[in-house]
Amino acid sequence: MFSRTLNRAVGALFAVSALAATPALAADAWKPAKPVRLLVGFAPGGSADTLARLLADPLSQRLGQPVVVENLAGAGGNIMAYRLSQSPADGYAIGIGAAGSMAITHVLNPKGTNYKPTDFTPITLVAVQPNVVIVNKDVPANNLAELKEYFQKTPTATYGTAGVGISNHLIAETMLYKLGVKVPHAPYRGAAPVITDLLGGHIAMTMDNISTAAPLATQGKVKAIGVASLKRAPQLPNVPTLDEQGLKGFDMPTWQGVFAPAGLPADVLAAYYAALQDVLKQPALVEKMAGLGSEPVTGMTPEQFGQFLEKDRQQWADIVKAANISLD
């Protein structure tokens, strides 16, 4: 019920590429005449921020102008999304968006957001990563069964994520629902403060991207309990998947894409799409992303990305309904 194999979803959209042709995407006539702002909805140090900074330099070289990362943390990425939606559609403001701000928020709170899905121009999907359950090293659990037992015996224990309604919040809630335990959620303004409190013992657990979780686990700062995918992660080869530990079919990765305000001119959209395709194929960038456990996604046209977003919103709606997840 809860399996969401993102790579299969990506592949399904590519299969209908004939229905989503994008004319003149190879054209690259537009060039920025001043620096570009790359907005990130989370604090520095998290996976979204890391990805943005990896993209910024080669994208600057490709566009011929500086691409400046600007962190607008808060509300699970929604503050950034709103600011991006209100920016001029002239190519000088783009943003890294993920499921939380671009899909889940409209499922959990369809009438309470101050921006709509139609307020953006989807440019392309750029990356996917597996998620990992990590716990404070003093938590007496080394696998999923022991973690369930710990939560059952410790009603004061909490878990944290980088905001209410982000994908990692719902992925964690889905896991806890399937385990049959209720654990209070502590939302933060970004991934970095979550990790700070996890290391300090203020929260017991988080669900985070492997780019953040793997270094902490390999350094012995946290314990990795399980990978939320159907195959083990090369960065954590000894950590079993949640599927292996009894949550059959549990496959819930994280994705990031690049967006602009609605109404982006066609030549500007074509230029950004072409630039990002070139950047995402650069061996140095691919290697750096792989080292973080992040897989580049290339070739998803703006039309296909729009279709992907609609599919993703429906999948999250199914999860929210089945697990009875709410903002309360």
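Residues numbered from 1 in each chain as written. Predicted model: local features only at pLDDT ≥ 70, side-chain atom pairs only at ≥ 80, totals over all residues. Heavy atoms only, no water.

### Notes on unusual backbone geometry
And step 1. Phi angles above zero are rare outside glycine, and A75 is one such case at about 55°.
And step 2. By the element assignment, A75 lies in the loop between β2 (67-71) and α3 (78-85). (Helix = DSSP H or I, 4+ residues; strand = E, 2+ residues; numbered from the N terminus.)

### Some details on the packing of aromatic side chains
And step 1. Within the structure shown, the criterion is met by nine aromatic pairs.
And step 2. Considering the side-chain rings of W30 and Y272, the 5.6 Å spacing of their centres and the 40° angle between planes classify their relative orientation as tilted. Linking W30 in the loop between α1 (6-15) and β1 (36-40) with Y272 in helix α9 (residues 266-280), this pair joins segments that are 242 residues apart in sequence. Y272 shares its class with W30; the two are buried. (Phe/Tyr/Trp six-rings, centres within 6.5 Å; stacked < 30°, edge-to-face > 60°. Buried < 20%, exposed > 50% of the residue type's maximum accessible area, 1.4 Å probe, protein only.)

### Describing the domain arrangement of the protein
And step 1. Under the domain assignment, the protein is made up of domain 1 (36-129 + 254-323) and domain 2 (130-245).
And step 2. If you average the C-alpha positions of domain 1 and of domain 2, the two centres end up 24 Å apart.
And step 3. Between domain 1 and domain 2, the contact holds 24 residues from the first and 22 residues from the second.
And step 4. Contact with domain 2 buries area across many residues of domain 1, yet S47, Q129 and T254 alone supply 24% of it, more than any other trio.
And step 5. In this structure, the connection of domain 1 to domain 2 is made through zero salt bridges.
And step 6. Our count for the domain 1 to domain 2 interface comes out at eight residue pairs in polar contact (both at pLDDT 80 or more).
And step 7. Here the side of domain 1 that touches domain 2 gets five residues from one element, more than from any other, and that element is helix α11 (residues 302-323).
And step 8. Counted by class, the side of domain 1 that touches domain 2 contains 14 nonpolar, ten polar and no charged residues. (Domains from an automatic or database assignment. Contact = heavy atoms within 4.5 Å. Buried area = accessible area lost by both parts, 1.4 Å probe. Salt bridge = Lys/Arg side-chain N within 4 Å of Asp/Glu carboxyl O. Polar contact = N/O pair within 3.5 Å; in protein donor to acceptor, adjacent residues only side chain to side chain. Nonpolar A, V, L, I, M, F, W, Y, C, P; charged D, E, K, R; others polar.)

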